Amino acid sequence: MAQAKSSILERSADKAAALTPARMSRSIKGLSDRAVAWWFIAPTIILLLAINIFPLIWAVKLSFTNYKANRLNAVVKDVGLRNYERILTDPDIWLAMQATAHFVFWTIFLQTLIGFALAYLIDRKFRGHAFWTTIILIPMMLSPAVVGNFWRFLYQPQIGLFNYIVTFFTGAEPSSFQMLGSVDLAPWAIVIVDTWMWTPYVMLICLAGLRSIPDYIYEAAEVDRASNWRRFWSITLPMALPFIMLAVLFRGIENFKMFDMVTLLTGGGPGSTTEVASITLKREAFEKWRTGYSSAFAIILFVAVFGLANIYVKALNRVKQR
Amino acid sequence: MADVSLRSVSKRFGKVSAITELSIDIADGEFVVLLGPTGAGKSTTLRLIAGLEKPDQGTVFIGGQDMTTSAPSQRDVSFVFQQYSLYPHLSVRDNLAFPLKSPAHDLNAVQINARVEYVAQLVQIDHKLDNRSTALSGGEMQRVAIGRALVRDPAIFLMDEPLSSLDAKLRGDLRVELKRIQTELGATLLYVTHDQIEAMTMADRIGILNDGQLVQLGTPREIYENPLNIHVAARLGQPTINLLPVQAIAGIKAPDLASIMGIRTEHLDVMDTQTTGTSGAPDAIGRDLPQSDASALDTVAKLDRVEFLGDQNRLHLSIGEHRLVTLGDGDIEYRVQPGSTLHVRARNALYFDEAGNRV
Ligand SMILES: Nc1ncnc2c1ncn2[C@@H]1O[C@H](COP(=O)(O)OP(=O)(O)OP(=O)(O)O)[C@@H](O)[C@H]1O
Ligand SMILES: [Mg+2]
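Residues numbered from 1 in each chain as written. Chains lettered and ligands numbered in written order. Predicted model: local features only at pLDDT ≥ 70, side-chain atom pairs only at ≥ 80, totals over all residues. Heavy atoms only, no water.

Concerning the overall build of chain A
Phase 1: Secondary structure assignment for chain A yields 14 helices and zero strands.
Phase 2: Ordered by position in the sequence, the α and β elements of chain A form the string α-α-α-α-α-α-α-α-α-α-α-α-α-α.
Phase 3: Taken against the 2.2 N^0.38 rule, which gives 20 Å for 322 residues, the C-alpha radius of gyration of chain A at 25 Å runs more than 25% over that of a compact globule.
Phase 4: Reported as C-alpha extents along the three principal axes, the dimensions of chain A are approximately 75 × 65 × 30 Å.
Phase 5: When burial is assessed residue by residue, chain A has 39% of its 322 residues classed as buried.
Phase 6: Long-range contacts, defined here as pairs at least 24 residues apart, represent 67% of the contacts in chain A between residues at least 6 apart.
Phase 7: Of the roughly 18,600 Å² of accessible surface on chain A, 68% is carried by carbon and sulfur atoms. (Helix = DSSP H or I, 4+ residues; strand = E, 2+ residues; numbered from the N terminus. Rg over C-alpha atoms; globule rule 2.2 N^0.38 Å. Buried < 20%, exposed > 50% of the residue type's maximum accessible area, 1.4 Å probe, protein only. Contact = heavy atoms within 4.5 Å. Areas by Shrake-Rupley, 256 points an atom, 1.4 Å probe, with all protein chains shown as cover.)

Listed below in structure tokens is the structure:
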């Protein structure tokens, strides 16, 4: 990744140099346009190196050792690929990955479905649609800390509103089930909260996609006698697809490293049913202080997300070029 | 194919009155061209027929049926939009096939494909069938748009400046081709253009729109030779008709109510004063000079400028402060110089009153 970054930087330096007006470049004596451009972006590069690239490289280095951050005086041994080996064969890690996959899949699925549907409705421009858009956006504007605590109350079996609403529709006793305390329900409780909070975000992106389809395309389709159904499938959906895919990418990356909401709602429990990868990582790194081991896990997660995102972006570009 | 009628249709956009009390009857199989300055309401008229705009007043009949409130898909029209309106995410082939995939057609894939290829050849886009429709030049997009209209056999074709961004040669080819297709199919076609040659050669009748009103409707010859007012007279003719205030020039013998005289460029003859004098027999410079009709205009003008166009020259003349344009042979500049004085004489002048109406 470091290499990719620097080539991007180099390209932007060239671009900046090319864009510098001739008058300005002449007035800075003794420096070529390129050199000036480098001076301008140097602070950013240094900052990036210091807080992003350097720690990353350091983590890679630590991942090959048995370093423990709470025992600074202990002898650090090089263990080669042992950390990686142990992670990939550790059943707990695989459970955490499964929990993460479950969480990522269902949040994306629900948020895309509901978000697109809402965007589609809002795009009809019914009366008061601006007002409803604002209302729908509220959850997204709240802090995750507030949302987490707020939903803890809603999920309270005795006094929580959520259980009462479920009771209202199903007739089950409110205190007969615990959203956060039950092994079966806890993963879904988190999916529900994340969906509640982030569907508006997906809706916004989908709305941008729908608004980008010019009216005259629909007019042409109407004259060509396409039914509403066909207009949706052969115009609306394909033309909004790049935007939908972008929303999926953003939510996917975000939820792959989900930490705050899970910590606030269940802390990974009950048992380890909601222990997603980032929670496991935090436990290994800052509770068990296995710094080398957790560095290796972080690198694996990083490579996985980075690889998946890259494949996905390629697909996205193909869709856009179609 | 069907006949189309508008009955005193009006359409406003906010404060702008785009169409006022427009009535027009287009017979089955007729080719009608709408001419008019920009903003006259030509596109709006087509959109009203297609059902993309709902009239504020009036009725739209297609095939004898009242379609005023019907949706576009119920009207069975095909439309070439001024801004092309191709489906950007589809290939040229899929764009052309799109209208055929409507359940109203009930064609199988083989039939659709055959039809698409036939039409693609017709509009000369068959070499780009698998391009994305956004990866085309403006002229190519326009041909796809025409093709997408032609794949169907609708009640009426509506075409909004369909040849405007093609080069002269292709435009000529497609003009002939379109007319041929229209005749062959017996298609009803309403066509908007700014191009006089298209209007004159293709139209059965030409309708002149101005300010949302239909000023005159008639055969190309009627419109050209017998315009109802100045506006219509100025629509046709290259260069545009010369307009002179009757009072301004001594010696003009005009009907009583006339205040403006219109002389088409081909009716303005020029003679060389050097060789003939003002009263001698005409020595034609531009072309053979027929006898003038009672010399409605018979005076001296200064030659300001000669524009060489290849097959002909345009002579810019001035009589006092009034400017005139006429045509001359391709080699006229060897005989007269800008600044020299010429004798001009008009034939077949048209006269208009203060309000611009014919007298
Ligand atoms: N959607 C609209 N909203 C508001 N005003 C409109 C709309 N469509 C057309 N108009 C107005 O109606 C009038 C007629 O427009 P129209 O597009 O029919 O002109 P046109 O004859 O096709 O002109 P052009 O030759 O430039 O295409 C114009 O004054 C235009 O500004
Ligand atoms: Mg127009």
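We are not done yet, so read on.
A closer look at the site of ligand 1
All names here are of chain B.
Phase 1: Around ligand 1 sit 13 residues in total, of which T38, K42, S43, T44 and Q82 are the nearest.
Phase 2: The separation between an oxygen atom of ligand 1 and a polar main-chain atom of G41 is 3.0 Å.
Phase 3: Contact between ligand 1 and T44: an oxygen atom at 2.5 Å from a side-chain N or O atom of the residue.
Phase 4: With the chains in place, 62% of the 630 Å² that ligand 1 exposes on its own is no longer accessible.
Phase 5: For the shell around ligand 1, the secondary-structure elements that each account for two or more residues are β2 (16-26) and α1 (42-50).
Phase 6: If one sorts the elements of the shell around ligand 1 by residue count, α1 sits on top with three residues.
Phase 7: Within the shell around ligand 1, the residues separate by chemical class into four nonpolar, seven polar and two charged. (Near = heavy atom within 4 Å. Polar contact = N/O pair within 3.5 Å; in protein donor to acceptor, adjacent residues only side chain to side chain. Nonpolar A, V, L, I, M, F, W, Y, C, P; charged D, E, K, R; others polar.)

With respect to the pairing of strand β9 (residues 205-210) of chain B
Residue and element names in this part refer to chain B.
Phase 1: Direction of pairing for strand β3 (residues 31-35) relative to β9: parallel, over a ladder of four bridges. Bridging from a neighbouring strand, L34 pairs with G207 of β9.
Phase 2: Across five bridges, the pairing between β9 and strand β10 (residues 213-218) is antiparallel. Bridge pairing in β10 links I206 to G218.
Phase 3: In sequence, β9 turns back onto β10 through a hairpin of two residues, with D211 there showing a positive phi of about 50°. (Pairing = 2+ DSSP bridges.)

Describing the environment of D94 of chain B
Phase 1: Structurally, D94 of chain B is set in helix α3 (residues 92-97).
Phase 2: Separated by 37 residues in sequence, D94 of chain B and N131 of chain B have C-alpha atoms that sit 10.0 Å apart.

A look at the coordination of the magnesium ion (ligand 2)
All names here are of chain B.
Phase 1: Protein coordination at the magnesium ion (ligand 2) comes from S43 (OG) and Q82 (OE1), with a distance range of 1.8 to 2.3 Å. With S43 in helix α1 and Q82 in the loop between β6 (77-80) and α3, this pair connects stretches of sequence that are 39 residues apart.
Phase 2: Using a relative accessible area of 22% as the deciding quantity, one classes S43 as partly exposed. (Donors = N, O, S within 2.8 Å, 3.2 Å for Na, K, Ca; no water.)

Considering the side chain of S318 of chain B
All names here are of chain B.
Phase 1: Looking at the element boundaries, S318 is found in strand β15 (residues 313-319).
Phase 2: In this structure the side chain of S318 is engaged in a polar contact, spanning 3.2 Å, whose partner is the side chain of D304.
Phase 3: Among residues more than four places away in sequence, those in contact with S318 are A301, K302, D304 and R323.

Overview of the confidence of the model for chain A
Residue and element names in this part refer to chain A.
Phase 1: Averaged over all residues, the pLDDT of chain A is 87; the fraction at 70 or higher stands at 93%.
Phase 2: Across chain A, element-level confidence peaks in helix α9 (residues 186-211) with a mean pLDDT of 94 and bottoms out in helix α2 (residues 22-27) with 57.
Phase 3: Considering only residues more than four positions removed or in separate chains, one finds that residues 1-5, a stretch of pLDDT under 50, has four contacts. (pLDDT = per-residue confidence, 0-100.)

Focus on the side chain of T68 of chain B
Phase 1: Locating T68 of chain B in the fold gives a position in the loop between β5 (65-66) and α2 (72-75).
Phase 2: Beyond its immediate sequence surroundings of up to four residues, T68 of chain B is in contact with K54, P55, G58, T59, V60 and R75 of chain B.

Observations regarding the pairing of strand β4 (residues 57-62) of chain B
Residue and element names in this part refer to chain B.
Phase 1: Sheet topology note: the strand β1 (residues 4-13)/β4 ladder contains five bridges and is antiparallel. Residue S10 lies in a different strand from β4, and its bridge partner there is Q57.
Phase 2: Looking at chain direction, β4 and β5 are connected through two bridges and run antiparallel. If you follow F61 over to β5, its bridge partner there is D66.

A closer look at the pattern of salt bridges
Phase 1: Applying the stated rule across the entire model yields 27 salt bridges over all chains.
Phase 2: Between R211 of chain A and D123 of chain A there is a salt bridge, and its shortest N-O distance comes to 2.9 Å. Of this pair, R211 of chain A sits in helix α9 while D123 of chain A sits in the loop between α5 (91-122) and α6 (129-141), and the two are 88 residues apart along the sequence.
Phase 3: Given a relative accessible area of 39%, R211 of chain A falls into the partly exposed group.
Phase 4: The exposure class assigned to D123 of chain A is buried, which follows from its relative accessible area of 15%.
Phase 5: Among the salt bridges present, the one from D204 of chain B reaches K179 of chain B, with a minimum N-O distance of 3.8 Å. Highlighted residues: D204 of chain B in the loop between α7 (196-202) and β9 and K179 of chain B in helix α6 (residues 168-185), separated in sequence by 25 residues.
Phase 6: With relative accessibility at 32%, the residue D204 of chain B sits in the partly exposed group.
Phase 7: One network of salt bridges, in which partners are shared, links E275, K282, R283 and E287 of chain A. (Salt bridge = Lys/Arg side-chain N within 4 Å of Asp/Glu carboxyl O.)

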